[in-house]
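# A look at the structure
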Amino acid sequence: MAALIEMKGIQKRFGAMHVIRGVNFSIDEAEVVGLVGDNAAGKSTLMKILAGLYTRDEGEVTIGGEQLPSGDPAEARRLGVEMVYQDFALAPHLTVAENVTLGREPTRFTENGFFLNRDKMLKTSLDVLADLDTDIPSPNRPVADLSGGQRQMVAIARALCFSPRLIIMDEPTANISVSKVATLLEVIKQLKQKGIATIIISHRLSDIFEVADRVVVLRHGEVRAERKIGETNSREVADLMMGVTA
């Protein structure tokens, strides 16, 4: 069976900096992959190419067998790719419900024109947040009033509103409390059960080993190793990240 995502021969330069060097990367339906490497490895750049946020200089990307044009986030979203950013990319002055439906706001038509359908916005947000089993007190609460962990759940809920086949999470535990990490990891397991694939960019190898099926190591813009979680350990992965060889 063909992979959900296929990235082949991806090259990306920013001026004189050669950030991604001929990367091949794939992920299957409902697979959880940890993408690891040091701060200059190119992890976020590669994923932003997959999400259509960056153009690629060379290479091709297919999602569910369809070609993704270079630098086309709308098409990436149509094909089922969503990205949850490290800073969550929420609008703090808007409510939870407004953030969850942001970019896909339901409307209603009256004799005076089109208006936001706030009842439907509220129901949509309630349904998806209930599915995530969050502790957000009300979808009418401004996002600015929420904790880091609650904001992250709002960002994930927004991604789920677009019926994704893949969710990319960029350093998902960086801006949440330790007590919320277990909640996030449980959500990732739930996504897998729903048939949604997840890519986790993270420096926390313990999180990767908790939920991932496979780990991919980037170093200096190249894939240096891929390992099934059951066939490696955190020491080996850390050595691969640092370029240490036996």
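Below: a short report on this structure. (Residues numbered from 1 in each chain as written. Predicted model: local features only at pLDDT ≥ 70, side-chain atom pairs only at ≥ 80, totals over all residues. Heavy atoms only, no water.)

For the rest of this paragraph, the subject is helix 4 (residues 118-132). With 15 residues, helix 4 ought to run about 21 Å at 1.5 Å a step, and its terminal C-alpha atoms sit 21 Å apart, in line with that. Every buried residue of helix 4 is accounted for by Met121, Ser125, Val128, Leu129 and Leu132. Seen from one end, helix 4 has its buried residues packed into an arc of 100°, which puts them on one side. What points out from helix 4, more than 90 degrees from its buried face, is the exposed set Asp119, Lys123 and Ala130. In this structure, the buried side of helix 4 is in contact with helix 3 (96-100), strand 8 (113-116), helix 5 (148-160) and helix 6 (178-193). Phi for aspartate 133, located one or two positions after helix 4, is positive at around 55°. (Helix = DSSP H or I, 4+ residues; strand = E, 2+ residues; numbered from the N terminus. Expected span 1.5 Å × (residues − 1). Buried < 20%, exposed > 50% of the residue type's maximum accessible area, 1.4 Å probe, protein only. Arc of directions from axis to C-beta. Contact = heavy atoms within 4.5 Å.)

It is worth spelling out the side chain of threonine 232 at this point. Tracing the backbone shows threonine 232 in the loop between strand 12 (222-228) and helix 8 (234-242). Side chain to side chain, threonine 232 and glutamate 236 meet in a polar contact 2.3 Å long. Sequence-distant contacts of threonine 232, that is, excluding residues within four places in its chain, are made with Phe209, Val215, Arg227 and Val237. (Polar contact = N/O pair within 3.5 Å; in protein donor to acceptor, adjacent residues only side chain to side chain.)

Taken across its eight residues, helix 1 (residues 43-50) has six buried, putting it largely inside the fold. Looking at helix 1, one finds that the buried residues are Lys43, Thr45, Leu46, Met47, Ile49 and Leu50. Just beyond helix 1, the residue with positive phi is glycine 52, at close to 80°.

In terms of strand pairing, strand 1 (residues 5-14) meets strand 4 (residues 58-63) through five bridges, oriented antiparallel. From the neighbouring strand, methionine 7 faces strand 4, where its bridge partner is valine 61. Sheet analysis places strand 4 next to strand 5 (residues 66-67), joined by two bridges and oriented antiparallel. For threonine 62, the partnering residue across the bridge sits in strand 5 and is glutamine 67. Between the antiparallel neighbours strand 4 and strand 5 lie two residues, among them glycine 64 with a positive phi of about 60°. (Pairing = 2+ DSSP bridges.)

Spatial strand order, 2-1-4-5: four strands in an open sheet with antiparallel pairing. The open sheet is flanked by strand 2 (17-27) and strand 5, the only strands paired with a single partner. Contacts from helix 1 reach strand 1, strand 2 and strand 4, with the element oriented near 120° to strand 1. (Axes fitted to C-alpha atoms, helices over the stretch in contact; angles between N-to-C directions.)

Strand order in this open sheet of six strands is 6-9-10-3-11-12, and the pairing throughout is mixed. Both outer strands of the open sheet, strand 6 (81-84) and strand 12, are each paired with one neighbouring strand and no more. Direction aside, the axes of adjacent strands within the sheet are offset by 20° on average. Here strand 6 pairs with strand 9 (residues 166-170) via four bridges, running parallel. Bridged to methionine 83 within strand 9 is isoleucine 168. Packed onto the sheet, helix 1 meets strand 3 (32-36), strand 6, strand 9, strand 10 (197-201) and strand 11 (214-219) and runs at close to 150° relative to strand 10. Packed onto the sheet, helix 6 meets strand 3, strand 9 and strand 10 and runs at close to 160° relative to strand 9.

These values are about where atoms sit, not about what they do.
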